[in-house]
Amino acid sequence: MEIPSEPKPTHHLDFTCVTLEDLSPSTSSYTLPPVVTAFFAPANSGVPQLRFQQSESVGDVFCFGLCDSQLVNIGPLETLVVVEEAGNSDAKNNLSFSKAFKLGFRTPEQRRAFDIEFEQWKHGVPHSQNGLSAGPMENGSIIYSTSKFDNKIEASSAKMYFHYYGQLLHQQNMLQDYVRTGTYYSAVIENCIDFQDRVVVDVGAGSGILSLFAAQAGAKHVYAVEASEMADYASRLVAGNPSLGDRITVIKGKVEEVELPEKADILISEPMGTLLVNERMLETYVIARERFLVPNGKMFPSLGRIHVAPFSDEYLFVEIANKALFWQQQNFYGVDLTPLYGSAFQGYFSQPVVDAFDPRLLVSPPSFHTLDFISIKEEELYEIDIPLSFTASVGTRVHGLACWFDVLFNGSSVQRWLTTAPGSPTTHWYQMRCVLSQPIYVMAGQEITGKLHMVAHSSQSYTIYLTLSAKMWGAGADQGGILQTSTGKLELKEPYYRLSQPLTYIPPQDQQLHQQFIATQDGNVTNIGLQQPQNLGNLMNRNCNDLMKID
């Protein structure tokens, strides 16, 4: 950190009345002023710097280089500046350490302007007050501009994500999900009044199929925004359908970065991942709303719901628990593996299970949590809290929480829901279950409470924290209290796709003749009574590549 006395350079943007708080351990006796003016400028060496100055001061209070600094937004009016420093006069023994300063701004617009200016200066693209470059650029110079997407998503995750969606075989898997594709087609065509002579933006267009649907419904023009290499395929598909394609423009780039020539009357997108929120595409959908949609414009879909219910499935629980038995070997080529058994056991239970299950496994009626895409803020998707409260319908062991989602196309003519619920025709999203390593016991009529807490991370997914508790039951229950609690931490990005699975567990009272087996002439055992749910049959026959889809 420097304490320079150089005058302000000519070209800079001032951020006045910024509150300043040093959150790092004190390394000097110097006290920072609580309110400063912040601005960006190059040092004598040409390194871009962030400087703070008191309004009555000629020189700077202090400054630091931007190359090893980063921003962490903590609210609409506040941000953290984290600085990595080493080998300067404040550091002892040249050891690296971090400093953190909390900045407070007068308005959200001032904070956003600061964010943009920070990134532009950090990557060598300083701007003057009139928006022009502060100095001449040599031929061949590259303007590097990061977006909000780049700031919050790891580059390796983004690379894999766009590589996946840039392949036709994966697009085919999604197109062949006839529940998904057919529902979108019906929602658009049946609500052609919403699309007729309107400007449409297809957010994350993929193959461009939704853009073509919108054109079929009479859209005036469609801008298909796609960041992966699939944009090139979409352009070819659009060109191959000239009666529709002359009203479609494919734009290759991220929604957070591209500029469009006009505002949209309606957005259309398929931003849903496993448990609705995986891949964090919903945030991009919301950003597109803020950047491109006219006031009171329509969104297809406009609302999503995450449905949850406790479930009981002994077969699934034993299947997962048995995976860790490998680590109980005490003589594996002369090696005792048991020290790793506990970690392996918890590791298997950290994987959400993605499959199709029989709705009879549910222990109580489900509840749901609503995400309104029209009004929700992007920051509200960073952490999602879903309170849980159920009443058990039967006495059983509860093994965890079953989850699925649906979305609403709120058209002017027809309202359509796309659901992934158990018992409904299976989609490529299937359903998801969070299995607890310690089941809880409940009786019929007993209350089950808890919380599903999801925290977004930079790998385009969420960490899930699940708590389920069985409340007091019977005499004295009105006094409250918890009899048993079980918790789990799961990683939504690393699910267990349950391809080959045992038959769905059905409670004894429902089995009747289902336990009858006969041996066929070739010696194989055939189950003549146990009726598999329709969804499970579809699951077993679906192409394995479909299950490898990221979301």
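The structure we're discussing is the one just above.
As the structure is a prediction and not an experimental result, all values here were calculated from the model.

A. Representation of the overall build of the chain in the model. Of the regular secondary structure elements, the chain holds 15 helices and 25 strands. A buried classification covers 49% of the 551 residues belonging to the chain. Contacts spanning at least 24 positions in sequence make up 72% of the contacts within the chain whose residues lie at least 6 apart.

B. The arrangement of helix 5 (residues 178–189) in detail. Here helix 5 contains twelve residues, and its C-alpha end-to-end distance of 16 Å stays within 8% of the 16 Å for a straight helix at 1.5 Å per residue. Of the positions making up helix 5, those classed as buried are R180, T181, T183, Y184, S186, A187 and V188.

C. Quick look at the nonpolar core. Judged by nonpolar contacts, the single largest core of 93 residues is most densely connected at L276, V277 and M454. Apart from residues lying up to four places away in sequence, L276 is in contact with P271, L282, G304, R305, I306, L371, F373, F405 and V407. Counting residues in each nonpolar core, the second largest holds 20 residues, with V36, F52, L66 and L71 among its members.

D. Representation of the packing of aromatic side chains within the structure. Taken as a whole, this structure holds 23 aromatic pairs when the rule is applied. Here Y161 and Y165 contribute two aromatic rings whose centre-to-centre distance is 5.0 Å and whose plane-to-plane angle is 70 degrees, an arrangement assigned as edge-to-face. Here Y161 and its partner Y165 are both found in helix 3 (residues 155–165), four residues apart, which amounts to about one turn of the helix. Y161 sits in the buried class, given a relative accessible area of 10%. Judged by relative accessible area, Y165 falls into the buried class, the value being 10%. For the ring pair F195 and F300, a centre distance of 5.3 Å and an interplane angle of 80 degrees mean the geometry is edge-to-face. Highlighted residues: F195 in helix 6 (residues 192–195) and F300 in strand 12 (residues 293–300), separated in sequence by 105 residues. With respect to class, F195 is no different from F300; both count as buried. Put simply, the rings of F15, F40, F105, F114 and F118 touch in pairs and so form one group of aromatic residues. In this structure, R305 packs its charged tip against the face of F368, placed 4.6 Å from the ring centre. Lying over the aromatic face of Y496, K323 brings its terminal NZ or CZ to 3.2 Å of the ring centre.

E. Main features of the sheet that holds strand 22 (residues 482–491). Ordered in space as 16-20-21-22, the four strands form an open sheet in which the pairing is antiparallel. Each of the sheet's edge strands pairs with one partner strand only, and the pair in question is strand 16 (383–391) and strand 22. Strand-to-strand twist in this sheet, taken as the mean axis angle between neighbours without regard to direction, amounts to 15 degrees.

F. Focus on the packing of helix 5 against helix 7 (residues 209–216). Here helix 5 crosses helix 7 at 25 degrees, and the two axes come no closer than 9 Å. Overall, the two elements helix 5 and helix 7 adopt an arrangement that is roughly parallel. Helix-helix and strand crossings are classified by hand; for helix 5 and helix 7 the assignment is right-handed. Contacts from T181, Y184, Y185, V188 and I189 of helix 5 reach helix 7 at L210, F213, A214 and Q216. Of the residues belonging to the contact of helix 5 with helix 7, the class tally is seven nonpolar, two polar and no charged.

G. Up close: the pattern of salt bridges. All told, the structure shown has 22 salt bridges when counted by the stated rule. Between R289 and E290 there is a salt bridge whose closest N-O contact spans 2.8 Å. Overall, R289 belongs to the buried group, its relative accessible area being 9%. The partner of D358 in a salt bridge is R360, and the shortest N-O contact between them spans 2.8 Å. Judged by relative accessible area, which is 5%, D358 ranks as buried.

H. Representation of the sheet that holds strand 11 (residues 264–269) within the structure. Read across the open sheet, the five strands follow the order 10-9-8-11-12; overall the sheet is parallel. The open sheet has two free edges, formed respectively by strand 10 (248–252) and strand 12, since each of these has just one partner strand. The sheet shows a mean angle of 25 degrees between the axes of neighbouring strands, taken without regard to direction. One ladder, built from four bridges, connects strand 8 (residues 199–203) with strand 11; its direction is parallel.

I. Spatial organisation of the environment of V398. Structurally, V398 is set in strand 17 (residues 396–410). Given a relative accessible area of 0%, V398 falls into the buried group. For V398 and L436, which are 38 residues apart along the polypeptide, the C-alpha to C-alpha distance reads 8.7 Å.

J. Layout of the packing of helix 11 (residues 314–323) against helix 12 (residues 341–349). Packing of helix 11 against helix 12 brings their axes to within 8 Å, and their N-to-C directions diverge by 140 degrees. Here helix 12 runs oblique to helix 11, going by the angle between their axes. Helix 12 is crossed by helix 11, and the crossing has right-handed handedness. Contacts from F317, I320, A321 and K323 of helix 11 reach helix 12 at F345, Y348 and F349. For the contact of helix 11 with helix 12, the residue count by class is six nonpolar, no polar and one charged.

Scoring rules and cut-offs
- Numbers given to residues run from 1 along each chain, matching the order in which its sequence is written.
- Where local features are concerned, this predicted model is filtered to residues with pLDDT of at least 70; where side-chain atom pairs are given and counted, the filter is 80 or more; whole-chain, interface and lining totals use all residues.
- Excluded from the side-chain calculations are hydrogens and water; all other atoms, namely the structure's heavy atoms, are used.
- Where helices and strands are cited, they refer to DSSP runs of H or I of at least four residues and of E of at least two residues respectively, numbered from the N terminus.
- For each residue, the accessible area found with a 1.4 Å probe, counting protein chains only, is set against the maximum for its type, and the residue is called buried under 20%, exposed over 50%, and partly exposed in between.
- Pairs of residues are marked as contacts when any of their non-hydrogen atoms sit within 4.5 Å.
- What a helix should span is 1.5 Å times the count of its residues minus one.
- Here, nonpolar core means buried Ala, Val, Leu, Ile, Met, Phe, Trp, Tyr and Cys residues that are tied together by side-chain atoms lying within 4.5 Å of each other.
- Pairing of aromatic rings covers Phe, Tyr and Trp, the last counted by its six-membered ring, and requires centre-to-centre distances within 6.5 Å; plane angles under 30 degrees mean stacked, over 60 mean edge-to-face, and any other angle means tilted.
- Here, over-ring charges are defined by two tests on the NZ atom of lysine or the CZ atom of arginine: distance to the ring centre within 6 Å, and angle to the ring normal within 35 degrees.
- Strand pairing is defined by DSSP finding a minimum of two bridges between the two strands.
- Only C-alpha atoms enter the line fits that serve as axes; for helices the fit covers just the stretch in contact. Angles between N-to-C directions range over 0 to 180 degrees.
- For this classification, under 35 degrees means roughly parallel, over 145 means roughly antiparallel, 65 to 115 means roughly perpendicular, and everything else is oblique.
- Should the near helix be turned anticlockwise from the far one by less than a right angle, the crossing is left-handed, and should it be turned clockwise, the crossing is right-handed.
- Each residue gets one of three labels, nonpolar for Ala, Val, Leu, Ile, Met, Phe, Trp, Tyr, Cys and Pro, charged for Asp, Glu, Lys and Arg, and polar for the others, Gly among them.
- What makes a salt bridge here is a side-chain nitrogen of Lys or Arg within 4 Å of a carboxyl oxygen of Asp or Glu, nothing more.

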